[in-house]
Amino acid sequence: MNHSILIAPSILSADFGAMREAVHALQDGGADWIHFDVMDGHFVPNLTFGAPMVAALRPHCNLPFDVHLMIEHPERLVPDFAEAGANSITVHAEACVHLHRVVEQIRELGCGVGVALNPHTPLETVRYILPAIDVLLVMTVNPGFGGQAFIDLMKPKIVEARLMIEQSAPHVLLEVDGGVSPDNARELVELGARVLVAGSSVFSAPTPQEGIRALRFALVSQKV
Ligand code: DX5
Ligand code: ZN
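Rules used throughout
Residues numbered from 1 in each chain as written. Chains lettered and ligands numbered in written order. Predicted model: local features only at pLDDT ≥ 70, side-chain atom pairs only at ≥ 80, totals over all residues. Heavy atoms only, no water. Disulfide = S-S within 2.5 Å. Buried < 20%, exposed > 50% of the residue type's maximum accessible area, 1.4 Å probe, protein only. Pairing = 2+ DSSP bridges. Helix = DSSP H or I, 4+ residues; strand = E, 2+ residues; numbered from the N terminus. Axes fitted to C-alpha atoms, helices over the stretch in contact; angles between N-to-C directions.

Here the focus is the state of the cysteines. Applying the stated rule across the entire model yields 0 disulfides. We note that Cys61 lacks a disulfide partner, and the nearest cysteine sulfur, in Cys111, lies 16 Å from it. For Cys61, a relative accessible area of 3% gives the class buried. Cys96 provides the cysteine sulfur closest to Cys111, a residue in no disulfide bond, and the two sulfurs are 15 Å apart. We classify Cys111 as buried; its relative accessible area is 4%.

What follows is the structure, given as structure tokens:
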């Protein structure tokens, strides 16, 4: 089971002065995807980086780039991120009045399609479009910052998301994002997660390679 779990370290927690080295270290450490947290200072109370960062790192890494857009009106910038080399683009349901239209836009640009839900947003929001997407991202912190505590109330949501996926769209990858660490990784997989985003736990380890190794070790060794 565990070899099918994908680890997606977030470069939000990397040294912004050394992003090239960060993606090299993540690739060397066996990451499956690189997670890019894009924040606009409106949808979330923080600003990070835009499509130029994705484009600048693209030549330095062969891994899939998983772009998480925490921005208002994502449809305006989705083409820039596709052009920059994103492999998958995730938009927030809360930021899209016409979510299905944005899903189709991302698909037509040739990228994998993700939809993210804030902690309070019901799974019902995506029920009828689930077959049209590739990744369902369940936020397990309120988006905006790395290093926050995992919200325990999200555990039943992960279980229910897994059930909904199995019933109507088994191809969809269930991604969890926020407060993921070796302490809870195994439990989250047992609950139904298939992609683990981890920022601070990877980059607070002595090296990112060791941070990734600790997550993988937790998946095979930890009792829940
Ligand atoms: C939160 C971001 C997450 C987060 C992950 O707004 O979407 O990707 O930074 O960081 P940790 O693992 O530190 O919670
Ligand atoms: Zn994220």
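Let us look at the sheet that holds strand 7 (residues 173-177). As summarised here, the arrangement of the 8 strands in space is 1-8-7-6-5-4-3-2, forming an open sheet in which the pairing is parallel. At either margin of the open sheet sits one strand with a lone partner, and together these are strand 1 (6-9) and strand 2 (34-39). If you compare each strand with its neighbour and ignore which way they point, the axes differ by 25° on average. Across 4 bridges, strand 1 lies against strand 8 (residues 195-198) in parallel orientation. For Ile7, the partnering residue across the bridge sits in strand 8 and is Leu196.

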